[in-house]
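Here is what each chain is made of, one letter per residue.
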Amino acid sequence: MYVHRQHVAYEDQLRRKTELATSIFQDCGTQDELDSWLRPTIPSPQLYNYRNKVSPHYTLGKGMEPVSIGFNSFPFTSSLPLSEDIRDGTGVECFSKTIDDNFQQQGVVDVKKCVIATEAINKAYEKMRETVSEKAKRQTRGATLVFRDSGSGDICNNHKDRLVMRTSIGPGGKAVNFLIEGNSFFQTNSVVLPRMLEYVVKEIGGPSEIDFVMDLYCGVGVFAYAAIMSGYRHVLGLEISKTAIAMALQAKNLNDLPDIEVREVSKHIGMNRFTKENHGKRLLQFKDLEADNITKDSYVTAVLRQHSPNRTCVIIDPPRKGCSSTFLEQLLSLAPRRIVYVSCYMPTQARDVKILRNGGYNIAAIQPVDQYPQTHHVENIVTLVKDL
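Computed from a prediction, not measured in an experiment: that's the story for all the values here. (Residues numbered from 1 in each chain as written. Predicted model: local features only at pLDDT ≥ 70, side-chain atom pairs only at ≥ 80, totals over all residues. Heavy atoms only, no water.)

Participant: Hey, could you run me through unusual backbone geometry in this one?
Facilitator: A negative phi angle characterises most non-glycine residues, just as the trans form characterises most peptide bonds. Unlike most non-glycine residues, asparagine 49 shows phi in positive territory, near 55 degrees. Along the polypeptide, asparagine 49 turns up in the loop between α2 (31-37) and β1 (53-54). In this structure, glutamine 374 is a non-glycine residue whose phi angle is positive, near 75 degrees. As for its position among the elements, glutamine 374 is in the loop between β16 (361-369) and β17 (379-386). (Helix = DSSP H or I, 4+ residues; strand = E, 2+ residues; numbered from the N terminus.)

Participant: Got a minute to help me understand helix α6 (residues 242-250) in this structure?
Facilitator: Residues three or four positions apart in an α-helix share a direction because the helix packs 3.6 residues into each turn. Three or more residues of α6 are buried, namely Ala244, Ile245, Met247, Ala248 and Leu249. Of the surrounding secondary structure, the elements contacted by the buried residues of α6 are β8 (162-169), β9 (174-181), α5 (222-228), β11 (234-239), β12 (260-264) and β13 (282-288). (Buried < 20%, exposed > 50% of the residue type's maximum accessible area, 1.4 Å probe, protein only. Contact = heavy atoms within 4.5 Å.)

Participant: Could you clarify how one ought to interpret the pattern of salt bridges in this entry?
Facilitator: Close approach of charged atoms allows side chains of opposite charge to pair. Under the criterion given, the structure shown has twelve salt bridges. One network of salt bridges, in which partners are shared, links Asp12, Arg15 and Glu19. (Salt bridge = Lys/Arg side-chain N within 4 Å of Asp/Glu carboxyl O.)

Participant: How should the packing of aromatic side chains be read in this particular structure?
Facilitator: What describes a pair of aromatic rings is the distance from one ring centre to the other and the angle between the planes of the rings. Applying the stated criterion to the full structure yields five aromatic pairs. When the ring of tyrosine 125 is compared with that of phenylalanine 147, the centres are 5.9 Å apart and the planes differ by 80 degrees; the resulting orientation is edge-to-face. Of the two residues, tyrosine 125 is situated in helix α3 (residues 119-136) and phenylalanine 147 in strand β6 (residues 147-149); the sequence distance between them amounts to 22 residues. Residues tyrosine 125 and phenylalanine 147 agree in their burial class; the two are buried. Considering the side-chain rings of tyrosine 217 and phenylalanine 327, the 5.5 Å spacing of their centres and the 65 degrees angle between planes classify their relative orientation as edge-to-face. Here phenylalanine 327 lies in helix α8 (residues 325-334) and tyrosine 217 lies in the loop between β10 (212-216) and α5, a separation of 110 residues in the sequence. You can call tyrosine 217 partly exposed: its relative accessible area is 21%. Grouping aromatic residues by their ring pairs yields a cluster made of Phe178, Phe186, Tyr225 and Phe286. (Phe/Tyr/Trp six-rings, centres within 6.5 Å; stacked < 30°, edge-to-face > 60°.)

Participant: Which parts of the structure should I look at to understand the confidence of the model for the protein?
Facilitator: For any part of a model where pLDDT is low, the fine detail of the predicted coordinates should not be relied upon. Overall, the prediction assigns the protein a mean pLDDT of 84, with 83% of residues at 70 or greater. Segment residues 76-105 is flagged for pLDDT under 50; beyond a separation of four residues in sequence, or across chains, it makes 48 contacts in the model. (pLDDT = per-residue confidence, 0-100.)

Participant: Sorry, what's going on with the packing of helix α1 (residues 10-24) against helix α9 (residues 346-358) here?
Facilitator: In helix packing, the relevant descriptors are the interaxial angle and the interaxial distance, both defined with respect to the helix axes. The contact between α1 and α9 brings their axes to 10 Å, and the two run at 40 degrees. Between α1 and α9, the angle is such that the two are oblique. Judged by the sense of rotation from one axis to the other, the crossing of α1 with α9 is right-handed. Contacts from Leu20, Ala21 and Ile24 of α1 reach α9 at Met346, Pro347 and Ala350. (Axes fitted to C-alpha atoms, helices over the stretch in contact; angles between N-to-C directions. Parallel < 35°, antiparallel > 145°, perpendicular 65-115°, else oblique. Left-handed = near helix turned anticlockwise from the far one by under 90°.)

Participant: Would you mind showing me how to read the sheet that holds β13 here?
Facilitator: Adjacent strands of a sheet pair through backbone hydrogen bonds, lying either parallel or antiparallel. The mixed open sheet is built from eight strands, whose spatial order is β12-β13-β11-β10-β14-β15-β17-β16. With partners counted over all chains shown, the strands left at the sheet margins are β12 and β16, one partner each. Direction aside, the axes of adjacent strands within the sheet are offset by 15 degrees on average. Pairing of β16 with β17 involves eight bridges; the strand directions are antiparallel. Residue pairing across strands places alanine 365 opposite threonine 383, the latter belonging to β17. (Pairing = 2+ DSSP bridges.)

Participant: Would you mind going over the side chain of asparagine 380 with me for this structure?
Facilitator: Among the secondary structure elements, asparagine 380 is positioned in strand β17. Overall, the relative accessible area of 0% leaves asparagine 380 in the buried class. Of note is the side chain of asparagine 380, whose polar atom sits 2.9 Å from the side chain of glutamine 349. Apart from residues no more than four positions distant in its own chain, asparagine 380 is found in contact with Phe25, Tyr341, Val342, Ser343, Met346, Gln349, Ile366, Gln367 and Pro368. (Polar contact = N/O pair within 3.5 Å; in protein donor to acceptor, adjacent residues only side chain to side chain.)

Participant: Looking at this structure, how should I read the environment of arginine 129?
Facilitator: Looking at the secondary structure, you find arginine 129 in helix α3. Since its relative accessible area comes to 17%, arginine 129 is described here as buried. It is 9.9 Å that separates the C-alpha atoms of arginine 129 and serine 68, two residues lying 61 residues apart in sequence. Setting aside its immediate chain neighbours within four residues, arginine 129 contacts Ile69, Asp110, Val111 and Lys112. There is a polar contact of 3.0 Å between the side chain of arginine 129 and the backbone oxygen of valine 111.

Participant: Which parts of the structure should I look at to understand the pairing of strand β14 (residues 312-316)?
Facilitator: On a regular strand, one side chain projects to one face of the sheet and the next to the other, so that they alternate. For β14, a buried count of five out of five residues is recorded, marking the element as mostly surrounded by other parts of the structure. Neither face of β14 is exposed, since Thr312, Val314 and Ile316 on one face and Cys313 and Ile315 on the opposite face are all buried. Alignment of β10 against β14, held across five bridges, turns out to be parallel. Bridging across to β14, aspartate 215 finds its partner in isoleucine 315. Of the strand pairs in this sheet, β14 and strand β15 (residues 338-343) are connected by four bridges, and their pairing is parallel. Note on β15: the bridge partner recorded for valine 314 is isoleucine 339.

Participant: I keep staring at the sheet that holds β1 and nothing clicks. Help me out?
Facilitator: With respect to topology, three strands assemble into an open sheet ordered β1-β6-β7, the strand pairing being antiparallel. The two strands at the open ends of the sheet, each matched to only one other strand, are β1 and β7 (155-156). Sheet topology places β6 next to β7; two bridges connect them, and they run antiparallel. Paired with aspartate 149 across the strands is isoleucine 155, a residue of β7.

Written as structure tokens, this is what we have:
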């Protein structure tokens, strides 16, 4: 669900998102502490046409003709007048028809153009709208579509189609490619992603202080690759999806990484050791494993035994529901020196951070990132440091 903010100047959008973080994390510390932790929201370089993935829906009417192709509505109350179009100060059209009634009921609002989606997606979406009527004649119910923009000219519109996403990582902004499926998790704002990765890498603590980085809920390995390409010696990515792990491993073939060895965590425990056999290369490993089982897996624990917790950082980027109590208990038992917690939903993040604070961690920084301009959503990064 997206609540639009197009009527609000962008500087005010950023200020409100910073204030939202203050409100949500108020139970984690005093006002003076919040003032010292909280940083201004990192802006998106692009305010429209930034979203690299959208999932429009269509419904069927009488005669099996689609009645609406667009996005779900939700109960809506606002002091703003609802008219033929909702526009911002530049006259950008948000919805293509009268929405007064649509917003008072659950359903699909017919949307001809999504102004936060990339131009390439909108072109593909426009063509798809022309063909959906024919497709609907062979169906008995509506469906959800998907459009993903690689950023380099490729568009996929199938959940299982694969394409290569590109971003930049590390000193000098080195380009790096990732293989994903149309419906895979990948940060949806490609233009702000390099700034976000730069910040996360900085918060890990520096290669002179941290030897080992664990990237939990790693997906296709974006944070893991960012860490290893920024000089960290050993990085381990864990993810429940076997498909995502397979694509994370395949990313090594899409990039020039001469000083980095990328491999799957082996069933042969001895092969997981970081030894002289690496010939000076940094090691990036991946394994399909549910986050709740990190301390129960013999292969992962064999890797963990090689490293001091005081020289370890854990990056976590869980789904909106946040972390389970089982996972948080295991994370506290691992006792890494630093935790970098990335989240798209601050209420569950604040809940989990409060538990980590009670377990001996101090908040070092709270950094909102505007992944979603013109909406009320906020990406947020919290850095926690273990008491010594």
